[in-house]
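Chain residues, written in single-letter form:
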Amino acid sequence: MGNFDGCHLGHQALFRSLKAVAEVNGLVPTVISFEPHSNYVLREPGDPLLLTTTKEKREFVESLGLEFLVMPFTKELARLPFDEFVRKELIEKRGVCSMFFGHDHCFGAGGKGNYETITAAFPELSTQMLSIVLYKGERVSSSAVRNALLNGDVDRAQTYLGRPYRLSGTVVEGKRLGHTIGFPTANLQVEPYKFLPKIGVYVASARLDSESSDGKNEERIFRAVVNIGMQPSTGNHQLAIEAYILDFDEDIYGKPLSLDLLTYLRPEQKFASLEDLVRQIGMDADTARHYNGNHWAE
């Protein structure tokens, strides 16, 4: 139970322990996620920007074989004493009989609900606390992921996440300049408050859902060059996420698209001419086509 922003390796260690104990005891392993992020209610929306949207969290948690339950977070809920919260919201309403804690997790009015106080107040609950997850001596956390992405270090972010950092959303129409220069791009609109990494150009895997001939959904994966920035060479000067998807020529306006960032190529720059821009995009596409820098690359 918590925000689980990023679903990083620390969260995943908790998920694995939860699932293992549930399977042994014939229970349903369930991750309860506060939505919106508790700080959006206690402080203000956008603090912090989100590494994972609710949809991305749900998809990842369910891919691990766990149930995902959204608990609406409100100021009224935050004011509940921890013992009243556990009794009413968890035990009576949701039938919780076992709880897993991160080493520093707390909740309830004044943050007084933690592993020690819950264990003392509810001896009938099976409780476990997991230790800190470290990478090369550094604590794995959502803040560590954000710091890596701010520096364009997607390799380090991937290490903390156990997977590439994902930008997902809907393809919206842009100025269509890419079509005129031979490099049509998909403009991705992400959800509000989604954390964006350092401005620049990235190699990515583009993931598209489509319906197969037998009516089932299937995921198709393509290599892509992604520009995150202000598009100075086109005169747009508005922050945008543009993906040139290699070996792809379909109309996907209005459709969902996910971009898994694999590596940072270069800073965004303003070119003297469209010819220079076209030349650089061609070189970026060649780099993306042959990229094999980590084990997430297809």
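Residues numbered from 1 in each chain as written. Predicted model: local features only at pLDDT ≥ 70, side-chain atom pairs only at ≥ 80, totals over all residues. Heavy atoms only, no water.

Novice: I keep staring at the overall build of the protein and nothing clicks. Help me out?
Specialist: The number of helices and strands found in the protein is 10 helices and 12 strands. With respect to the principal axes defined by its C-alpha atoms, the protein has extents near 70 × 45 × 35 Å. A buried classification covers 47% of the 298 residues belonging to the protein. Counting contacts in the protein only where the partners sit at least 6 residues apart, residues at least 24 apart contribute 69% of the total. For the protein, the computed accessible surface area is about 15200 Å², with 51% contributed by carbon and sulfur atoms. Seen as two clouds, the 32 positive and the 39 negative side-chain charges of the protein have centres 3 Å apart. (Helix = DSSP H or I, 4+ residues; strand = E, 2+ residues; numbered from the N terminus. Buried < 20%, exposed > 50% of the residue type's maximum accessible area, 1.4 Å probe, protein only. Contact = heavy atoms within 4.5 Å. Areas by Shrake-Rupley, 256 points an atom, 1.4 Å probe, with all protein chains shown as cover. Lys, Arg positive; Asp, Glu negative; His and termini not counted. Charge placed at Lys NZ, Arg CZ, Asp CG, Glu CD.)

Novice: Would you mind showing me how to read the packing of helix α7 (residues 142-150) against helix α8 (residues 154-161) here?
Specialist: For any two helices packed against each other, the geometry comes down to the angle between their axes and how far apart the axes lie. Where α7 contacts α8, the axes come no closer than 7 Å and their chain directions differ by 160 degrees. With respect to their mutual orientation, α7 and α8 come out roughly antiparallel. The handedness of the crossing between α7 and α8 is left-handed. Residues Ala144, Val145, Ala148 and Leu149 of α7 lie in contact with α8, whose contacting residues are Val154, Arg156, Ala157, Tyr160 and Leu161. Classifying every residue of the contact of α7 with α8 by side-chain character gives eight nonpolar, no polar and one charged. (Axes fitted to C-alpha atoms, helices over the stretch in contact; angles between N-to-C directions. Parallel < 35°, antiparallel > 145°, perpendicular 65-115°, else oblique. Left-handed = near helix turned anticlockwise from the far one by under 90°. Nonpolar A, V, L, I, M, F, W, Y, C, P; charged D, E, K, R; others polar.)

Novice: Looking at this structure, how should I read the confidence of the model for the protein?
Specialist: Reading predicted coordinates in detail is not appropriate for stretches of low pLDDT. For the protein, the average pLDDT comes to 92, and 93% of its residues sit at 70 or higher. Confidence scores differ between elements of the protein, with helix α9 (residues 177-180) showing the lowest mean pLDDT of 62 and strand β2 (residues 67-72) the highest of 98. (pLDDT = per-residue confidence, 0-100.)

Novice: How do you make sense of the side chain of Glu56 when you look at a structure like this?
Specialist: With respect to the helices, strands and loops of the structure, Glu56 is situated in helix α3 (residues 54-63). Of note is the side chain of Glu56, whose polar atom sits 2.3 Å from the side chain of Ser168. (Polar contact = N/O pair within 3.5 Å; in protein donor to acceptor, adjacent residues only side chain to side chain.)

Novice: How should I be thinking about the pairing of strand β7 (residues 165-172) in this particular structure?
Specialist: Sheet topology places β7 next to strand β12 (residues 256-266); six bridges connect them, and they run antiparallel. Bridging across to β12, Tyr165 finds its partner in Leu261. In the sheet, β7 pairs with strand β8 (residues 186-190) via four bridges, with the strands oriented antiparallel. Its bridge partner being in β8, Val171 is matched across the sheet by Leu188. (Pairing = 2+ DSSP bridges.)

Novice: Help me understand the environment of Glu219, please; the structure alone is not making it clear to me.
Specialist: With respect to the secondary-structure elements, Glu219 resides in strand β10 (residues 217-229). Separated by 11 residues in sequence, Glu219 and Leu208 have C-alpha atoms that sit 5.6 Å apart. Aside from chain neighbours lying at most four places away, what touches Glu219 is Arg207, Leu208 and Asp209.

Novice: How do you make sense of the nonpolar core when you look at a structure like this?
Specialist: Inside soluble globular proteins, nonpolar side chains tend to come together where they are buried. Leu149, Tyr165, Val226, Ile245, Leu257, Leu259 and Leu261 are the most contacted members of the largest nonpolar core, which has 33 residues in total. Ranked by size, the runner-up nonpolar core spans 20 residues in total, among them Ile32, Ala78, Met99 and Leu125. (Core = buried A, V, L, I, M, F, W, Y, C linked by side-chain atoms within 4.5 Å.)

Novice: Mind showing me how you'd approach the packing of aromatic side chains here?
Specialist: How two aromatic rings sit relative to each other is set out by the distance from centre to centre and by the angle between their planes. Inspection of every chain in the model, using the stated rule, returns 10 aromatic pairs. Aromatic side chains Phe183 and Tyr244 sit 5.0 Å apart centroid to centroid with 85 degrees between the ring planes, which places their arrangement in the edge-to-face category. With Phe183 in the loop between α9 and β8 and Tyr244 in strand β11 (residues 240-245), this residue pair connects regions lying 61 residues apart in the sequence. By way of ring pairs, the aromatic residues Phe34, Phe73, Phe85 and Phe107 are connected into one cluster. (Phe/Tyr/Trp six-rings, centres within 6.5 Å; stacked < 30°, edge-to-face > 60°.)

Novice: Can you walk me through the environment of Asn187 in this structure?
Specialist: Among the secondary structure elements, Asn187 is positioned in strand β8. Residues Asn187 and Ala240, spaced 53 residues apart in sequence, show a C-alpha to C-alpha distance of 7.1 Å. Once you skip the residues sitting within four places of it in the chain, Asn187 turns out to touch Thr170, Val171, Val172, Gly174, Gln231, Ile241 and Glu242.

Novice: Any chance you could explain the pattern of salt bridges here in plain terms?
Specialist: If the charged atoms of two oppositely charged side chains come close together, the side chains can form a pair. Tallied over the entire structure, the rule returns 20 salt bridges. Its salt-bridge partner being Glu35, residue Lys57 comes within 2.6 Å of it at the nearest N-O pair. Of this pair, Lys57 sits in helix α3 while Glu35 sits in strand β1 (residues 30-35), and the two are 22 residues apart along the sequence. Of the two residues, Lys57 and Glu35, neither departs from the other in class, the shared state being buried. Among the salt bridges present, the one from Arg79 reaches Glu76, with a minimum N-O distance of 3.5 Å. Owing to a relative accessible area of 52%, Glu76 belongs among the exposed residues under this scheme. (Salt bridge = Lys/Arg side-chain N within 4 Å of Asp/Glu carboxyl O.)

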